[in-house]
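Descriptive analysis of the structure
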Amino acid sequence: MDRVVLAHDDVDDLVRLRRQLHRHPELRFTERRTAALLAERLAPIARVHTGVADTGLVVEIEGRAPGPSVLLRADMDAYPVQDVKEVPWASGNPGVCHACGHDVHMAVVAGVAARIVADPPARGSVTLLFQPAEEIPFGEASGAAAALADAALRGRRFDAVLGLHCWPDLPAGTVGVDRETAMAAKDAFRVEVLGRAAHAATPALGRDAILGLSGIVNLLHAGVARSRNPHELVAFNIGTIAGGASQSQVAERAEATGTLRTHDEAVRGRLKEVVERIARQQAAALDLGLRFTWANEMPPVRNAASLVALAHAELPGLVDVADLTEPPLTTDDFALLGALGPSLYVKLGVTGERGGAPLHSGAFDVDERCVGVGVAALERLTRAVLAGRLAEPGAPATPAGTDQAGADQATPAGADDTAPGERAAAGAVGA
């Protein structure tokens, strides 16, 4: 880590907030304690709308005069996994953990809000969306979709929609910018195989749904692998299998769920057809019934060219910037927020002394110096848009001037929310 820039004089307070959120995680559409904590913090400095998409918040900050508008999004929900870390801020909610960094996202956006209010822009406005329910189990609703339908956002347009995501592949101090695609499309599916029950001693009288499903699973993996070209980025997974009622019965029903992840729309369409066709043909060949369902069909997250150019013009010298050339196959419903305006989703490096575990792992944690880096990056991008430095697609962005309001250089530190004076283990890193 060559450089760590802090963007808040009171960054210890943001780290305390992050740890408090991490200790009290809440699942999708239950984030009431989380929302109350954020509302209590932000209500004294901005206009707060509660109950957005049921458990979310929209926060409005006005500049001194009308002008460009920016939306900053932070997701709020935790992940259904047991926290296995032995740290004071480990989750106190069994089976629930901020294993995807949403606690960091919320602390960063709250920090940007404080900075913007402390030095209001000459013109323009900033809207914060603290969004519930980004983690989407099979067949359930997206929090971003619910927020878009809420009166607080419905029909609105912004000059820029900005967000970030913790990224263990990058070191703390670095912000990654994807050239075009920041996250993949995801299509979830369920295969239900319908057979006929029989005693295990007389299997010829039945139709074995488990045997049929096992063959479908193998054929799906092989079929997707042989239907994609080597240069096409694709991830296919069967994540759950369930079925049967007894060890002594030929199973009447079995089901599997999985995901198909792609970047290119033509590849996406071709492979969806392959998956469904293979499942239906194999079930028919074994004289089994089949119900096939697609759900949670999420488009890819696309970065606007103008905002990518702005990031490369504004962020170097403030933080380390990584030009990401190979988009990942993770997904995020931030993709839907592109309906509100040109969007940019950047990757916040988090790996350091406590980082390194993968996303969605109960061991996931971050080097908390990333909090100040995230505030620095999002504040700089926000102020650049408000100042009118957002270039048209294809045109170079105007770099920030030397008088640009930036982040204060400080020694990074964090403290547990129950011990305000305790410094985080992460020490300063020189320029």
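A brief structural summary. Just so we're clear, the structure is a prediction, and the values are computed from it rather than from any experiment.

**Focus on the overall build of the protein chain**
Helix and strand content of the protein chain: eight helices and 16 strands. Expressed as a percentage of the 431 residues in the protein chain, the buried residues total 56%. Here the analysis covers contacts within the protein chain between residues at least 6 apart in sequence; of these, 80% occur between residues at least 24 apart. Summed over all atoms, the accessible surface of the protein chain reaches about 17000 Å², with 51% contributed by carbon and sulfur.

**Side note on the sheet that holds strand 4 (residues 125–131)**
The strand order 1-2-4-3-5-16-6-15 describes an open sheet built from eight strands, whose pairing is mixed. Each of the sheet's edge strands pairs with one partner strand only, and the pair in question is strand 1 (47–52) and strand 15 (320–324). With strand direction ignored, the average angle separating the axes of adjacent strands in the sheet is 25°. The sheet strands contacting helix 2 (residues 32–42) are strand 1, strand 2 (56–62) and strand 4, and the helix crosses strand 2 at an angle near 15°. Here helix 3 (residues 102–118) sits on the sheet and contacts strand 2, strand 3 (69–75), strand 4, strand 5 (160–171) and strand 16 (343–351); the angle it forms with strand 3, its principal contact strand, is near 150°.

**Observations regarding the packing of helix 2 against helix 3**
Remark: helix 2 packs on helix 3, axes separated minimally by 11 Å, with the N-to-C direction vectors making an angle of 15°. Considering their axes alone, helix 2 and helix 3 lie roughly parallel with respect to each other. The hand of the helix 2/helix 3 crossing is right-handed. The residues of helix 3 that touch helix 2, namely those facing Thr34, Leu38, Arg41 and Leu42, are Met106, Ala110 and Ala113.

**Description of the nonpolar core**
Residues Leu128, Phe130, Leu162 and Leu344 are the most contacted members of the largest nonpolar core, which totals 59 residues. Top contributing element to this core by residue count: helix 8 (residues 369–386), with 11 residues. The contacts of Leu128, once residues within four sequence positions are left out, are Leu42, Leu57, Val58, Val59, Leu71, Leu72, Val109 and Ala113.

**Let's talk about the pattern of salt bridges**
A complete count under the given rule lists 31 salt bridges for this structure. A salt bridge links Arg270 to Glu232; the nearest nitrogen and oxygen atoms lie 2.6 Å apart. Within this pair, whereas Arg270 is found in helix 6 (residues 265–285), its partner Glu232 is found in the loop between helix 5 (209–227) and strand 10 (234–243), the two being separated by 38 residues in sequence. Judged by its relative accessible area of 32%, Arg270 is partly exposed. Put simply, Glu265 and Arg268 hold a salt bridge, and the shortest N to O gap is 3.2 Å.

**Observations concerning the packing of aromatic side chains**
Inspection of the entire model under this criterion finds five aromatic pairs. Residues Phe189 and Trp294 carry aromatic rings whose centres are separated by 5.7 Å and whose planes lie at 70° to one another, so their mutual orientation is edge-to-face. Placement of Phe189 in strand 8 (residues 185–194) and of Trp294 in strand 13 (residues 289–298) is noted, with a sequence separation of 105 residues between them. Taking the relative accessible area as the measure of exposure, Trp294 reaches 18% and is therefore buried. Taken together through their ring pairs, the aromatic side chains of Phe189, Phe236, Phe292 and Trp294 make up a single cluster.

**Looking at the sheet that holds strand 12 (residues 253–262)**
Here we have four strands laid out as an open sheet, ordered 10-12-8-13, and antiparallel in their pairing. Looking at strand neighbours, the two that pair on one side only are strand 10 and strand 13, the edges of this open sheet. Recorded for the sheet is a direction-independent mean angle of 15° between the axes of neighbouring strands. Sheet topology places strand 10 next to strand 12; nine bridges connect them, and they run antiparallel. When the bridges of strand 12 are listed, Ala242 appears paired with Glu255. Across the sheet, helix 5 lies against strand 8, strand 10, strand 12 and strand 13, angled at about 175° from strand 10, the strand it touches most. Docked against the sheet, helix 6 engages strand 8, strand 10, strand 12 and strand 13, running at close to 160° with respect to strand 13.

Basis of the calculations
Residues numbered from 1 in each chain as written. Predicted model: local features only at pLDDT ≥ 70, side-chain atom pairs only at ≥ 80, totals over all residues. Heavy atoms only, no water. Helix = DSSP H or I, 4+ residues; strand = E, 2+ residues; numbered from the N terminus. Buried < 20%, exposed > 50% of the residue type's maximum accessible area, 1.4 Å probe, protein only. Contact = heavy atoms within 4.5 Å. Areas by Shrake-Rupley, 256 points an atom, 1.4 Å probe, with all protein chains shown as cover. Pairing = 2+ DSSP bridges. Axes fitted to C-alpha atoms, helices over the stretch in contact; angles between N-to-C directions. Parallel < 35°, antiparallel > 145°, perpendicular 65-115°, else oblique. Left-handed = near helix turned anticlockwise from the far one by under 90°. Core = buried A, V, L, I, M, F, W, Y, C linked by side-chain atoms within 4.5 Å. Salt bridge = Lys/Arg side-chain N within 4 Å of Asp/Glu carboxyl O. Phe/Tyr/Trp six-rings, centres within 6.5 Å; stacked < 30°, edge-to-face > 60°.

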